[in-house]
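Structural overview
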Amino acid sequence: MKNIFVLGLFAIIFASCKQGQTITPTPLPGNKITGKWNIISVTVIPRDSTGKAINNGAVYIEPPYYYFQFNADNSWVENLGPAANFSFGEGGSYVLHADTSFTLVNMNLPSSPEECKIASLTDTSFIFSHQKTTLFNGLTPGYLEYVFELKK
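Description of the structure in this document. (Residues numbered from 1 in each chain as written. Predicted model: local features only at pLDDT ≥ 70, side-chain atom pairs only at ≥ 80, totals over all residues. Heavy atoms only, no water.)

**Here we look at the layout of surface pockets**
Of the voids in this model, the largest pocket is the one considered here, and its volume is about 440 Å³. Around the largest pocket, the lining is made up of 22 residues, and of these Glu78, Glu90, Asn106, His130 and Lys132 lie nearest the centre. Listing elements by their share of the lining of the largest pocket, those giving two or more residues are strand S1 (35-48), strand S4 (75-79), strand S5 (89-97), strand S6 (101-106), strand S8 (125-136) and strand S9 (140-151). Of the residues contributing to the lining of the largest pocket, the split by class is 13 nonpolar, four polar and five charged. (1 Å grid on protein atoms, 1.4 Å probe; cavity = no way out; pocket = protein on both sides within 12 Å on 5 of 7 lines; lining within 4 Å. Points joined across faces, edges and corners; volume = space filled by probe spheres on them. Helix = DSSP H or I, 4+ residues; strand = E, 2+ residues; numbered from the N terminus. Nonpolar A, V, L, I, M, F, W, Y, C, P; charged D, E, K, R; others polar.)

**Digging into the nonpolar core**
A general tendency of soluble globular proteins is for nonpolar side chains to be buried together. Residues Phe68, Phe70, Phe102, Phe126, Phe128 and Leu150 are the most contacted members of the largest nonpolar core, which totals 20 residues. Elements represented by at least two residues in this core include exactly S1, strand S3 (67-70), S5, S6, strand S7 (114-121), S8 and S9. It is S1 that contributes the most residues to this core, four residues altogether. Sequence-distant contacts of phenylalanine 70, that is, excluding residues within four places in its chain, are made with Ile33, Thr34, Gly35, Trp37, Ser75, Trp76, Tyr94, Phe102, Leu104 and Phe126. (Core = buried A, V, L, I, M, F, W, Y, C linked by side-chain atoms within 4.5 Å. Buried < 20%, exposed > 50% of the residue type's maximum accessible area, 1.4 Å probe, protein only. Contact = heavy atoms within 4.5 Å.)

**Digging into the pairing of S8**
Pairing between S7 and S8: four bridges, direction antiparallel. Within S8, the position partnered with lysine 117 by the bridge is serine 129. With antiparallel pairing between neighbouring strands as the criterion, S7 and S8 make up a hairpin whose turn holds three residues. Pairing between S8 and S9: twelve bridges, direction antiparallel. Within the sheet, the bridge partner assigned to lysine 132 lies in S9 and is leucine 144. In this structure, the hairpin formed by S8 and S9 is closed by a connection of three residues, where asparagine 137 is found at a positive phi of approximately 55°. (Pairing = 2+ DSSP bridges.)

Structure representation (structure tokens):
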């Protein structure tokens, strides 16, 4: 009888803890990148192996439905689909390093985090960049710098 009482007590406590309890993540203090950011343009700048720009690069204006969503729980999504319920893009987690940089971890490539530099960040405008190594003409090592211009 004592075992049934203890078991019943645990069941009641467990049920009362679950009812009506919602847990929402607390936003990090000073985390200004949270929210939905429309991708206005992406500029791709070719750089040589020393990091010097080879030219001014190319600016690609993006469709109005491209966006990044940075969440308070340190998750992110990049949506490149035309419909609101269509998710074609990337996602994962991020780590903010003050207002100067952050690291994107793609859930499909967790072993290859992207180090991103914040060039500008206000309540309505966000510009960041990251670089990827490349071989120009299949031979010459260098980098491609991607500069994202975002607006709320």
